[in-house]
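Structural features, examined
In case you want the letters, here they are:
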Amino acid sequence: MATHHMHDKATGPSAAAVINRRQATAVLLAGAAAPFTAGAQQDAAAPAASAASTATPATTLWPADDWAESTPEAQGMDSAALAKLIDFGAAQGMDSLLVTRHGSLVAEAFYAPYREGLKHAVNSTTKGVVATLTGMAIQDGLIASRDAPVLDFFEGRKVANADAAKKAMTLGHLLDMTSGLSWIEPLSDAVPETMLQLGRARDWQGFVLDRPMAQAPGAGFNYNSGNTHLLSAILAQKTGGSTLAYARERLFGPLGITDVRWRKDPQGLEVGGWGLYLHPRDMARIGYLYLRRGQWNGRQLLPAAWVEQVFHPTVDMGFGSAAPAFKYANGWWSIPSKRAYFTAGFNRQLIVVLPDLDVVVAVTGRRHYPLPLFIDHITAAVRSREPQPANATAQDQLAARIRDAGVEKPSPNPVGPTPELAATVSRKAWLLERNGMGIQRLLLDLTPANPRYEVSFDGSRPDLPREPVTGPLGLDGKYRTAPQGPNAVIAIKGHWLDAQSFQLISRSVADGEVTVVTLKFEDGGKAVNVGLENNWGFRGQVRGRVE
């Protein structure tokens, strides 16, 4: 079910030709996928912010153990417009949405069954964190500068294809996605062939370093999760052996971020391109560090010049002539025409910084939507840099929307009568053919008294659970949840499509993964045809038989 990420190591090069970008991302655990669809670049640019809304407050607030909270109007924002933003999040598959202005939290929604207290996978927002740590290591004198040659950090390795171009590759090129390495990971629905190969490699650092050069360093943008993995390797080497330990010392600790999770590569190195899990309020802390130009409560944690590079990007991301343009710098994306700067992870894991408006927004979610439109919804809620008159009606409306987001809505499918077949197929174990999701055995109890599921996985796959996963199943249009380890909450519901077909909808809540399993029973319940698909792009069809 959705608890378990696909990591189909059987997909070899021949399989790559028949899968798309989103499917390949599923293979690499929601890692380094394109945060933007082609349609996201079609929106017109928003009007420039008015002079009345651009100044920061005279007194800077700093989050301590938690964020200060405020009504939107007290921070010059409009509660009614924020209520519309909460509605936008509900319509676009967000898991959480948090808005701060002038250092105060003015709106925060958790969309059920996601809930407060769970870390969320931030996917390629991890790249922006690794880049931030690189800037800190330069400030600390552990790394000379952005101009340091990459190969100088790997003198103990024999690096293939070490031509003059590769020797000229610097940390700045890794940070700006202009390394020149031959790498196919396009920001489109095309197959990210090299990212797939990285996932199958035994030595990820060596795999990236050995890539031939496709162009001179600095010649142009080419999205490459290997770039930031090399940065993580360099950080670990120069800071005592662990990117996470350095992050705790220099970034997470000073910002008050205490609860994180970070996946590792086969050598035990924190993955540079994805794999970080954060709480939404902690995502906002990182955004606030950038909003305050690298300063945190009197300490310059990150060079101000580093942040200015993010706010004045020069690398065109090459989306073509469609407006608005997207640019890149130091691991951050931007829409310069909207003065919007953000880290971006697959399925919209975002830290958005709007320096002209003194706004930070943190978002987690389950699917893509046009980013320029989202930015426009945020800016529409800003009325003035000064407090606005209290608006009790609008504030009540916003509070109601936030409460409503946290209440699960039943499926639109009407819950019909339970067919006679339910008793026949219940408590039978179904053995499935080999499949990309690794589901090996499925047992369901579809009787209304105690509906449950039990799933066993391919034991040869190290990325999947060794023990069967089991829990309750909602048959009334609402999810039933069950913990499946630290920070792992699984929510599952199901309904009969007709007298022969049952559909399960499963969510790995902290990963933003949604899986749909459609079972069509045949031969009086002696066989089953199983359709599998999820929001990471996986689709498959397998047969099953009674054990």
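Since we're looking at a predicted model, the values are computed, not measured. (Residues numbered from 1 in each chain as written. Predicted model: local features only at pLDDT ≥ 70, side-chain atom pairs only at ≥ 80, totals over all residues. Heavy atoms only, no water.)

**Observations regarding the overall build of the protein chain**
Definition in use: Helix and strand definitions follow DSSP, with helices as H or I runs of at least four residues and strands as E runs of at least two, each counted in order from the N terminus. Exposed residues in this analysis have more than 50% of their type's maximum accessible area, buried residues have under 20%, and partly exposed residues fall in between, with area computed by a 1.4 Å probe over protein chains only. Contacts are assigned to residue pairs that have any heavy atoms within 4.5 Å of one another. All accessible areas in this document rest on Shrake-Rupley with a 1.4 Å probe, and a residue is counted as covered only by the protein chains that are shown.
When its secondary structure is counted, the protein chain shows 15 helices and 24 strands. When the 547 residues of the protein chain are sorted by exposure, 60% land in the buried category. Once local pairs closer than 6 in sequence are excluded, the contacts in the protein chain between residues at least 24 apart make up 63%. Roughly 20,300 Å² of accessible area belongs to the protein chain as shown, and the carbon and sulfur atoms make up 51% of that amount.

**Re the pattern of salt bridges**
The cut-off we apply is this: Between Lys or Arg on one side and Asp or Glu on the other, a salt bridge is scored when a side-chain nitrogen of the former is within 4 Å of a carboxyl oxygen of the latter.
This model, assessed by the stated rule, comprises 26 salt bridges. The closest approach of N and O atoms between E386 and R385, which form a salt bridge, is 3.4 Å. By relative accessible area, R385 is classed as partly exposed at 40%. Of the charged contacts in the structure, one is a salt bridge between E454 and R441, with a shortest N-O distance of 3.1 Å. Residue E454 is found in strand β17 (residues 452-457), and its partner R441 is found in strand β16 (residues 439-445); the two are separated by 13 residues along the sequence. Take E454: its relative accessible area is 25%, and that puts it in the partly exposed class.

**Quick notes on the sheet that holds strand β10 (residues 327-329)**
Let me state the cut-off plainly: A pair of strands is treated as paired once DSSP finds two or more bridges between them.
Pairing is mixed across the open sheet formed by 9 strands, whose spatial order is β1-β3-β2-β14-β13-β12-β11-β10-β9. The sheet is open, and its two edges are formed by β1 (68-69) and β9 (315-316), each paired on a single side.

**Focus: the packing of helix α3 (residues 79-91) against helix α13 (residues 371-380)**
Short version of the rule: To get an axis, fit a line to the C-alpha atoms, keeping to the stretch in contact for a helix; angles then go from 0 to 180 degrees between the N-to-C directions. Roughly parallel here means an angle under 35 degrees, roughly antiparallel means over 145, roughly perpendicular means 65 to 115, and every remaining angle is called oblique. For a crossing to be left-handed, the near helix must be turned anticlockwise from the far one by less than a right angle; the clockwise case is right-handed.
One can describe the packing of α3 onto α13 by two numbers: an axis separation of 8 Å at closest approach and a directional angle of 155°. It follows from the interaxial angle that α3 and α13 lie roughly antiparallel. Judged by the sense of rotation from one axis to the other, the crossing of α3 with α13 is left-handed. Across the interface between the two elements, A81, L85 and F88 from α3 touch L373, F374, H377, I378 and A380 from α13.

**Some details on the sheet that holds strand β24 (residues 539-546)**
With antiparallel pairing, 10 strands are arranged side by side in an open sheet as β18-β17-β16-β15-β24-β23-β22-β21-β20-β19. Either end of the sheet is taken by a strand with one partner, and the two such strands are β18 (469-472) and β19 (480-483). Recorded for the sheet is a direction-independent mean angle of 25° between the axes of neighbouring strands. Here 4 bridges tie β17 to β18, and the two strands are oriented antiparallel to one another. By the bridge assignment for β18, R452 is matched with P472.

**Some remarks on unusual backbone geometry**
Cis geometry is adopted by the peptide bond preceding P113, which originates at A112 and carries an omega value of 5°. Mapped onto the elements, P113 comes out in the loop between β3 (104-110) and β4 (120-121). Within the chain, H102 stands out as a residue other than glycine whose phi angle is a positive 55°. Relative to the helices and strands, H102 resides in the loop between β2 (94-101) and β3. A relative accessible area of 6% means that H102 is categorised as buried. For N347, which is not a glycine, the phi torsion comes out positive at approximately 65°. For N347, a relative accessible area of 1% gives the class buried.

**Regarding the packing of α3 against helix α14 (residues 392-405)**
For the record, the criterion: For this classification, Asp, Glu, Lys and Arg are treated as charged, while Ala, Val, Leu, Ile, Met, Phe, Trp, Tyr, Cys and Pro are nonpolar and the rest, including Gly, are polar.
Following both chains from N to C, one finds α3 and α14 inclined at 15°, their axes separated by 8 Å at the closest point. Relative to α14, α3 is oriented roughly parallel. The two elements α3 and α14 cross, and the hand of that crossing is left-handed. Contacts between α3 and α14 involve S79, A80, L82, A83, I86 and D87 from the former and A394, Q395, Q397, L398, R401, I402 and A405 from the latter. Considering only residue class, the contact of α3 with α14 consists of 8 nonpolar, 3 polar and 2 charged.

**As for the confidence of the model for the protein chain**
The following threshold applies: pLDDT measures the predictor's confidence residue by residue and takes values from 0 up to 100.
Within the protein chain, residue pLDDT values average 87, and 88% of them lie at 70 or more. With pLDDT under 50 throughout, residues 1-54 is counted as low confidence; its partners more than four residues away or in other chains account for 182 contacts.

**A look at the pairing of strand β20 (residues 489-496)**
Of all 8 residues making up β20, 8 are buried, and the element is well covered by its neighbours. Residue alternation in β20 divides its side chains into two sets, V489, A491, K493 and H495 and I490, I492, G494 and W496, and both sets are buried. The pairing of β19 with β20 spans 4 bridges and is antiparallel. Bridge assignment links R480 to a residue of β20, and that residue is I492. Relative to strand β21 (residues 501-508), β20 runs antiparallel, the two being bridged by 7 bridges. Paired with K493 across the strands is I505, a residue of β21. Taken together, β20 and the strand that follows it, β21, pair antiparallel across an intervening segment of 4 residues.

**As for the layout of surface pockets**
Which parts of space are left empty comes out when a probe the size of a water molecule is rolled across the atoms. Cut-off, in case you're wondering: Only protein atoms enter the calculation, which uses a 1 Å grid: trapped sets of points that fit a 1.4 Å probe without letting it out are cavities, open sets showing protein on both sides within 12 Å along at least five of seven lines are pockets, and any residue with an atom within 4 Å of a point is a lining residue. Grid points are joined across faces, edges and corners, and a volume is the space filled by probe spheres set on the points.
Of the volumes computed, that of the second largest pocket is approximately 610 Å³. What lines the second largest pocket is a set of 27 residues, and nearest its centre among them are A90, A112, R366, K409 and R507. Contributing elements (two or more residues each) for the lining of the second largest pocket: α3, α14 and β21. For the lining of the second largest pocket, the element with the most residues is α3, which contributes 5 residues. Here the residues of the lining of the second largest pocket sort into 14 nonpolar, 4 polar and 9 charged.

**What to know about the environment of L105**
With respect to the secondary-structure elements, L105 resides in strand β3. Assessed through its relative accessible area of 4%, L105 is described here as buried. Sequence spacing of L105 and V360 is 255 residues, and the spatial spacing of their C-alpha atoms is 9.3 Å. Apart from the residues lying within four places of it in its own chain, the contact partners of L105 are W67, A68, E69, S70, L98, V99, T100 and R281.

**Details of the packing of aromatic side chains**
Cut-off, in case you're wondering: Aromatic pairing here means that ring centres of Phe, Tyr or Trp (its six-membered ring) are within 6.5 Å. Orientation follows from the plane angle: under 30 degrees is stacked, over 60 is edge-to-face, and everything else is tilted.
Within the structure shown, the criterion is met by 20 aromatic pairs. Measuring from ring centre to ring centre gives 5.8 Å for Y369 and F374, while their planes differ by 75°; the resulting arrangement is edge-to-face. Judged by its relative accessible area of 2%, Y369 is buried. Taking the relative accessible area as the measure of exposure, F374 reaches 0% and is therefore buried. Within the aromatic cluster, the residues linked to one another by ring pairs are F221, Y223, F319, F326, Y328 and W333.

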